[in-house]
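Read off the chains here:
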Amino acid sequence: MTKDWQDEAAYRDFDSLDLSGLAWECLRRNSDYRATYPLMRDGLRSPAAWGLRFPG
């Protein structure tokens, strides 16, 4: 992952992504999401706070 938004290599594949792929790329690069993910995985936070829904 890069913090340099001008690094073309970090965004090379964005043009080929569909809407859900683009949303996932942006979400996975979000440091707040990455910090919250272990809590969601362990059931301590709701994925709904991030607009996510998973089949039960």
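For the structure, check the block above.
Residues numbered from 1 in each chain as written. Predicted model: local features only at pLDDT ≥ 70, side-chain atom pairs only at ≥ 80, totals over all residues. Heavy atoms only, no water.

Asks: Now, about the overall build of the protein chain: what can you tell me, with residues and values included?
Replies: What the protein chain contains, in helices and strands, is two helices and zero strands. Burial statistics for the protein chain: of 56 residues in total, 12% are counted as buried. Entry remark: accessible area of the protein chain is about 4900 Å², with carbon and sulfur atoms responsible for 52%. (Helix = DSSP H or I, 4+ residues; strand = E, 2+ residues; numbered from the N terminus. Buried < 20%, exposed > 50% of the residue type's maximum accessible area, 1.4 Å probe, protein only. Areas by Shrake-Rupley, 256 points an atom, 1.4 Å probe, with all protein chains shown as cover.)

Asks: So what's going on with the packing of aromatic side chains? Which residues, and what values?
Replies: By the definition in use, this model includes three aromatic pairs. Judged by centre distance (6.1 Å) and plane angle (50°), the rings of Tyr 33 and Tyr 37 are tilted. Linking Tyr 33 with Tyr 37, this pair stays in helix α2 (residues 31-41), spanning four residues, or about one helical turn. When its relative accessible area of 5% is taken as the criterion, Tyr 33 is described as buried. Between the aromatic rings of Tyr 33 and Trp 50, the centroid separation amounts to 5.4 Å while the plane-to-plane angle is 85°, which identifies the pairing as edge-to-face. With a gap of 17 residues between them, Tyr 33 in helix α2 and Trp 50 in the segment after α2 connect regions that are remote in the sequence. Three or more aromatic residues joined by ring pairs form one cluster here, namely Trp 24, Tyr 33, Tyr 37 and Trp 50. (Phe/Tyr/Trp six-rings, centres within 6.5 Å; stacked < 30°, edge-to-face > 60°.)

Asks: Can you lay out the pattern of salt bridges for me, pointing to particular residues and giving the numbers?
Replies: By the definition in use, this model includes three salt bridges. Between Glu 25 and Arg 28 there is a salt bridge whose closest N-O contact spans 2.9 Å. Separated by three residues within a single helix, Glu 25 and Arg 28 lie in helix α1 (residues 19-28), roughly one turn from each other. The shortest N-O distance in the salt bridge between Arg 41 and Asp 42 comes to 3.5 Å. The burial state of Arg 41 is the same as that of Asp 42; both residues are exposed. (Salt bridge = Lys/Arg side-chain N within 4 Å of Asp/Glu carboxyl O.)

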